[in-house]
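# Structural features, examined
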Amino acid sequence: MVAYRSKVVERIELPARERRERALEEAGYNVFELPSEDVYIDLLTDSGTGAMSDAQWAALMRGDESYAGSRSFDELESAVAEVMGFSRVVPTHQGRGAENVLYGALLSDGDVVPNNTHFDTTRAHVANQGADPVDCPVAGARDPTADGEFKGNFSLERAREVVDDVGAERVPLVIQTITNNSAAGQPVSVENTRQVREFADRIDATFVIDACRFAENAAFVRRREDEFADYAIDEIAREQLRHADAVVMSGKKDGLANAGGFVATDDADLFERCKQRAILYEGFPTYGGMSGRDVAAMAVGLREAVEEGYVTDRLEEIQAFADLLEDAGVPVYTPPGGHAVYLDAGAALPHLDAADFPGQALVCELYREGGVRGVELGSFAFPDTDRPELVRLAVPRRTYHGEHFEHVADTAAAVLEKRESVSGLEVVSEPANPELRHFTAALAPLSD
Ligand SMILES: *Cc1c(COP(=O)(O)O)cnc(C)c1O
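Parameters at a glance
All residue numbers here refer to positions counted from 1 along the written sequence of the relevant chain. Side-chain atom pairs in this predicted model are given and counted only at pLDDT of 80 or more, local residue features only at pLDDT of at least 70, and totals for whole chains, interfaces and linings cover all residues. Values shown for side chains rest on all heavy atoms present in the structure; no hydrogens or waters enter the calculation. UniProt positions are given in the numbering used here, feature names are shortened, and annotations may be inferred rather than shown by experiment. Any carboxyl oxygen of Asp or Glu within 4 Å of a side-chain nitrogen of Lys or Arg constitutes a salt bridge here. Strands are runs of DSSP state E lasting at least 2 residues, helices are runs of H or I lasting at least 4, and numbering of each runs from the N terminus. Residue burial is assigned from relative accessible area. The probe radius is 1.4 Å, only protein chains are included, and a residue is buried under 20% of its type maximum, exposed over 50%, and partly exposed in between. Where each domain begins and ends follows an automated or database-derived domain assignment. Residue contacts follow a heavy-atom distance rule, with two residues in contact if any of their heavy atoms lie within 4.5 Å. Accessible area that two parts lose when put together, evaluated with a 1.4 Å probe and summed over both, is termed the buried area.

The name given to the protein chain in an unreviewed UniProt entry is Tryptophanase/L-cysteine desulfhydrase, PLP-dependent, with Natronolimnohabitans innermongolicus JCM 12255 as the source organism. Looking at the protein chain in UniProt, the text filed under Sequence similarities (unreviewed entry) is "Belongs to the beta-eliminating lyase family." One UniProt comment on the protein chain, placed under Cofactor (unreviewed entry), says "pyridoxal 5'-phosphate".

Okay, structure coming up:
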């Protein structure tokens, strides 16, 4: 058993109700616009928001800021080799930098890219190269109540249809995202990864794994895939990742860092092409847009992410949080994924139509009631798709404890208690690009 004790503390405060009301109004009912000081429990994202360990802080002090040949880069290289099994690393400022570097090297106009589900920056980077991102989730992935051990899997059936449709020559790249962030953080089996490898070989495509949450995924695999019951987490991770030609990584997730990312591969030619693009967009290949200290902290974080105690505790924490919510009568996506609990706002606020944004209404009420910040991932974030009305409560790593999760569950229960009085919302101003509207659009309550 592993636990943490505090060496540094950060004071947080629940602002008075009137202040929360005013903050919500001033934010245009969009919690991305809230000052973090007005937020009590911040579950907006698990990206770069976790607590670093004492070992990471120590590494930070020893970071080598040399422009070229930094020792911190050597530390990253050996961490990536030992933990993930790849010999060549191109560091980048964060995950999307890695996506730009890698997908720019692999894609051109008119290509089509199957992925179990494109995360939003992945979708944008694939489209930015003139290619068409196509999601291939398995049946049930979008159903908050469907059973399934690996609801994050890549649907080979769907991908074959895509290839039959457009022809294999237009599909030079296949991506698998582990865990499947945009499908409620659901895990992907190693068996499924092997099948995607075979599929990619058959159509002569490059196979990339988006490995942002590779350690959480490995922990699920050990629990749910019999073959791996006796494996160590890092052994499972390497067994899964070795099937890929390259990985893209955000250090802000299972790098346990506040910044950073990289591309890793064993392919000398692909490495060279990525390196050249990285010099153009990120920085010299031994720092890649990060400070040396951030590279050093991420190298330590990668090793910690596959530690038995850490990742087991992580999954248990998420499961316990989901249980607290369920016990309080709050409908949640089941089974819970690896980095967040997703609330089913459609079931929580059945009197609101999709057009009235039940998810966003729930997000606003959670803040109004308890200073809790989550994020809507339903008809407000994804206009014109038939996604379920989900609200994500992402859990920053090693940051919150039992009493915080209890506060969130109590808050959600209090909102549901008076659900009939929760009104829908309408958009009053939005940016030109509809795919990015949930970050900056302003809303207003329909009852006003
Ligand atoms: C966060 C994330 C990215 C992008 O990483 P950033 O560090 O936020 O740029 C890419 N893919 C997945 C699955 C992610 O979760």
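Another aspect to go through is the pattern of salt bridges. Under the definition given, this model contains 32 salt bridges. As a salt-bridge pair, Arg-71 and Glu-75 come within 3.6 Å of each other at their nearest N and O atoms. In this pair, Arg-71 and Glu-75 are both assigned in helix α3 (residues 71-84), 4 residues apart and thus about one turn of the helix distant. Of the residues examined, Arg-71 reaches a relative accessible area of 37% and is grouped as partly exposed. We note a salt bridge from Glu-82 to Arg-303, for which the minimum N-O separation is 2.8 Å. With Glu-82 in helix α3 and Arg-303 in helix α11 (residues 292-305), this pair connects stretches of sequence that are 221 residues apart. A relative accessible area of 34% places Arg-303 in the partly exposed class. Overlapping salt bridges, with partners in common, bring together Asp-46, Arg-213, Glu-216, Asp-254, Arg-314 and Arg-397 in one network.

It is worth spelling out unusual backbone geometry at this point. In this structure, Thr-179 follows Ile-178 across a cis peptide bond, with omega equal to -20°. The topology assignment puts Thr-179 in the loop between β5 (173-177) and α7 (190-202). Looking along the chain, the bond that leaves Thr-334 and enters Pro-335 is cis, with omega of -15°. Residue placement: Pro-335 occurs in the loop between α12 (308-327) and β9 (340-344). In this model, Leu-256 sits at a positive phi of 50°, which is unusual for a non-glycine residue. Position of Leu-256 relative to the elements: it lies in the loop between β7 (246-250) and β8 (261-265). At Arg-398, a position not held by glycine, the phi torsion is positive, near 55°. Checked against the element boundaries, Arg-398 lands in the loop between β12 (390-394) and α15 (402-417). For Arg-398, a relative accessible area of 15% puts it in the buried group.

Our focus in this paragraph is the domain arrangement of the protein chain. When the parts come together, some accessible area is lost, and that loss is often what is quoted as the size of the interface. The assigned domain composition of the protein chain is domain 1 (17-39 + 308-445) and domain 2 (54-305). Using C-alpha coordinates to define each centre, domain 1 is positioned 27 Å away from domain 2. Contact with domain 1, which involves 25 residues of that partner, is made by 34 residues of domain 2. Summed over both partners, the interface of domain 1 with domain 2 buries about 2,400 Å², with 50% contributed by carbon and sulfur atoms. Of all residues in domain 1, Leu-315, Tyr-333 and Arg-397 give up the largest surface area on contact with domain 2, accounting jointly for 24% of the area buried on that side. Scanning the region where domain 1 abuts domain 2 turns up 6 salt bridges.

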